[in-house]
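Listed below, chain by chain, are the residues.
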There are 2 protein chains.
Amino acid sequence: MKYCLGVDVGGTTVKLGLFEDNGTVLDKWEIVTNTKNEGKAILPDISATIFSKLVEHKIKKEDVIGIGMGVPAPVTAEGTVNGSANLGWKYKEVKREMEELSGFKVNVGNDANVAALGEMWKGGGAGEKNMVMVTLGTGVGGGLISNGHIVAGNNGAGGEIGHICVNYEETDICGCGNKGCLEQYASATGIVRLAKKKLEKEVRSTKLIKDTVTAKDVFDCVKEGDVVAIEIAEEFGAYLGYALANICALMDPTVIVIGGGVSKAGEIILTFIKNAFEERVFFANSNVRFALAALGNDAGIYGAAKLILED
Amino acid sequence: MKYCLGVDVGGTTVKLGLFEDNGTVLDKWEIVTNTKNEGKAILPDISATIFSKLVEHKIKKEDVIGIGMGVPAPVTAEGTVNGSANLGWKYKEVKREMEELSGFKVNVGNDANVAALGEMWKGGGAGEKNMVMVTLGTGVGGGLISNGHIVAGNNGAGGEIGHICVNYEETDICGCGNKGCLEQYASATGIVRLAKKKLEKEVRSTKLIKDTVTAKDVFDCVKEGDVVAIEIAEEFGAYLGYALANICALMDPTVIVIGGGVSKAGEIILTFIKNAFEERVFFANSNVRFALAALGNDAGIYGAAKLILED
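Residues numbered from 1 in each chain as written. Chains lettered and ligands numbered in written order. Predicted model: local features only at pLDDT ≥ 70, side-chain atom pairs only at ≥ 80, totals over all residues. Heavy atoms only, no water.

### Re the pattern of salt bridges
Next up, step 1: Under the definition given, this model contains 36 salt bridges over all chains.
Next up, step 2: One salt bridge connects D63(A) with K2(A), and the closest N-O pair in it is separated by 3.9 Å. You can see D63(A) sitting in the loop between α2 (42-56) and β4 (64-71) and its partner K2(A) sitting in the segment before β1 (3-9), a full 61 residues away along the chain.
Next up, step 3: On the basis of relative accessibility, which here comes to 21%, the residue D63(A) falls in the partly exposed class.
Next up, step 4: On the accessibility criterion, K2(A) (37% relative accessible area) is partly exposed.
Next up, step 5: Ionic pairing is found between D211(B) and K210(B), a salt bridge with its closest N-O pair at 3.7 Å.
Next up, step 6: Among the residues examined, D211(B) registers a relative accessible area of 61% and is labelled exposed.
Next up, step 7: For K210(B), a relative accessible area of 33% translates into the label partly exposed.
Next up, step 8: Connected through shared salt-bridge partners, E170(A), D172(A), R193(A) and K197(A) make up one network. (Salt bridge = Lys/Arg side-chain N within 4 Å of Asp/Glu carboxyl O. Helix = DSSP H or I, 4+ residues; strand = E, 2+ residues; numbered from the N terminus. Buried < 20%, exposed > 50% of the residue type's maximum accessible area, 1.4 Å probe, protein only.)

In structure tokens:
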């Protein structure tokens, strides 16, 4: 039996998984991310905890295939990042440094892309090789998988689904500096923005309260049949569904996996997305399937493990 | 020295190239495409002409790596097509049939995608591994290359750049049945459509003539400083430039290669596309380079050769 490590490096905690090479998880644990001093301790801390865990499980070094890592930054093909605000890193040769620290082979990818790979391997896209993943959280992230491989791009900035423009008439500015990005309509904060705009002018009765409305409130009210909430969900669904129809014309995936906090509302959100998607999908992509993400916060460690196993 | 064949199967002619494995072309020739009887003779004709050519060049069968083919249809990962209107084919296991006919290993791809691979190998994108190619002809086609590989997708329908929606207000219907596809604005026929719409209401002096205007006329007049033509080119550039900004957010390419008949107008078209692109590009993609396609009608045979060499 061979083993590998999947590491999901976040700004608060580092999640780690010890895997058998068939994908079985032997152990899962977390350590705190020490972002002090430009995050200098992060990689040594990861290396140290991995070695303790290998000792604990009596796994020999020669039986370890390597370490896969997802980090919150664009990652070049050489495993280098040009800075990560969340970790405090400036320019950092992550792959090289981690290989020197650990003595293992290391592969590194962007965390959102790596999570998509995890969902393809063991989650909502299991068994598929062509997948689009959209993560609806505070922002909109994602990952594109083509023939089993992450579309990482030249700067490691592939799959930035949240920053395709879906509304050229928008006047509000996105965090990225552009106007009309998908993230402004389909993230948790985007849904709140849509809701507040609607509630400002709304005269019909609704349970939604303008000052405190959350994305969860919107979908909770949708489930109760609240007409105003349904219209907000339809607007969200239209922006996202149309954007996904365009992405499918480019990627021709088998499955679209929807994850992130917003997706916790469940199957109901797929209905709104699918209705809009079907209006606009290119005929060659009409057999695409929708699924909810299945791995939750573990998608990152699964994808990181796959990143080293597939190499 | 090893050799391979690159075959570009079109509805009128089949273009063939005999390559050394370093990419040097030893010979280029064409045969007529016999589309009679559901195109039954096409593959046997190709096999026969290849064998004559190998004899002519005194190349032994064992020195041939294989045959790459581009065909005008979506192609599955197994090398099967579900019909090609241009060739008369219904369901056809192209890879299997051609391997049986020739005794060589065969790889098959969609012609537009394969042409993109050719431009990456030896054309406008030479030296790059992440590329977006857009072909502006009667329609808008294209191909996406991620880490050196074609994004073919589940049905072999990846890279359908012409059918992403760029205008949700459009009332005219695209050939695909949708409304607002990029093809309706950026193909040769799309540019004519934009020109005619503008010329119907135009009161300023222009050399463009509504009833006979072509895409070439538009760019010829642009070069002479015709203000009406310049505005048409700006409209074309905006639709295409904005669409490419979105594609870059997904693919993060190094280079965007523009080919097809419309691109024969030269560098001037890049100016209109780039101006719009730069207004909307996601910051991580701002270093992307634009280039004109360099291989013309030979892109298909180069890409087909690469398809078998890279395997």
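Don't stop here, the text continues.
### Overview of the environment of A195(B)
Next up, step 1: Relative to the helices and strands, A195(B) resides in helix α6 (residues 188-201).
Next up, step 2: For the pair A195(B) and G39(B), spaced 156 residues apart in sequence, the C-alpha separation works out to 38 Å.

### Describing the interface of chain A and chain B
Next up, step 1: On the side of chain B, 38 residues touch chain A, which itself brings 38 residues to the contact.
Next up, step 2: When chain A packs against chain B, close to 3300 Å² is buried across both sides, 52% of that on carbon and sulfur atoms.
Next up, step 3: Three residues, Y168(A), L250(A) and R280(A), lead the burial of chain A against chain B; their summed loss comes to 22% of the area buried on that side.
Next up, step 4: Seen at the junction of chain A and chain B, the total is zero salt bridges.
Next up, step 5: Looking at the side of chain A that touches chain B, the elements with two or more residues in it are β9 (140-146), α8 (227-251) and α9 (267-280) of chain A.
Next up, step 6: The element best represented in the side of chain A that touches chain B is α8(A), accounting for six residues. (Contact = heavy atoms within 4.5 Å. Buried area = accessible area lost by both parts, 1.4 Å probe.)

### Some words on the sheet that holds strand β9 (residues 140-146) of chain B
Residues and elements named next belong to chain B.
Next up, step 1: Taking strand neighbours across the sheet as the criterion, the five strands line up as β10-β9-β8-β11-β12 in an open arrangement whose pairing is mixed. On the outer flanks of this sheet lie β10 (149-150) and β12 (289-292), each paired with one strand and no other.
Next up, step 2: Relative to β9, strand β8 (residues 131-136) runs antiparallel, the two sharing six bridges. Considered in β9, the bridge of T135 is made with G141. (Pairing = 2+ DSSP bridges.)

### As for the side chain of D226(B)
All names here are of chain B.
Next up, step 1: Tracing the sequence through the fold places D226 in the loop between α7 (215-223) and α8 (227-251).
Next up, step 2: For the buried D226, no salt bridge is present, and the opposite-charge side chain at shortest range is K207, 7.2 Å distant.
Next up, step 3: Engagement of the side chain of D226 in a polar contact is seen with the side chain of T206, the distance being 2.9 Å.
Next up, step 4: A distance of 3.0 Å separates a polar side-chain atom of D226 from the backbone nitrogen of A229.
Next up, step 5: Every residue in contact with D226, bar those within four places of it in the chain, is listed here: T206, K207, L208 and C221. (Lys, Arg positive; Asp, Glu negative; His and termini not counted. Polar contact = N/O pair within 3.5 Å; in protein donor to acceptor, adjacent residues only side chain to side chain.)

### A short note on the environment of K61(B)
All names here are of chain B.
Next up, step 1: With respect to the helices, strands and loops of the structure, K61 is situated in the loop between α2 (42-56) and β4 (64-71).
Next up, step 2: Along the primary structure K61 and G103 are separated by 42 residues, whereas in three dimensions their C-alpha atoms are 9.0 Å apart.
Next up, step 3: Among all residues touching K61, those that are not within four sequence positions of it are F51, S102, G103 and F104.
Next up, step 4: At a separation of 3.1 Å, a polar atom in the side chain of K61 contacts the main-chain carbonyl oxygen of S102.

### As for the relation of the copies chain A and chain B
Next up, step 1: For the pair chain A and chain B, the relating rotation is 180°, the translation along its axis is 0.0 Å, and the fit reaches an RMSD of 0.0 Å. Accordingly, the operation relating the two chain copies is best matched by a two-fold axis.
Next up, step 2: Here 100% of the contact residues of chain A are again contact residues in chain B; the copies associate through an equivalent surface. (Least-squares fit on C-alpha atoms with pLDDT ≥ 70 in both.)

### Comments concerning the environment of G260(A)
Residue and element names in this part refer to chain A.
Next up, step 1: Its place among the elements puts G260 in the loop between β11 (255-259) and α9.
Next up, step 2: For the pair formed by G260 and P74, sequence separation is 186 residues and the distance between their alpha carbons is 19 Å.
Next up, step 3: Look past the residues within four positions of G260 in its chain and what remains in contact with it is T135 and L136.

### With respect to the state of the cysteines
Next up, step 1: Applying the stated criterion across every chain yields a total of zero disulfides over all chains.
Next up, step 2: Not part of a disulfide, C181(A) finds its nearest cysteine sulfur in C176(A), a span of 3.6 Å.
Next up, step 3: C248(A) takes part in no disulfide bond, and the closest cysteine sulfur to it belongs to C181(B), at a distance of 14 Å.
Next up, step 4: Residue classification places C248(A) among the buried residues on the basis of a relative accessible area of 0%. (Disulfide = S-S within 2.5 Å.)

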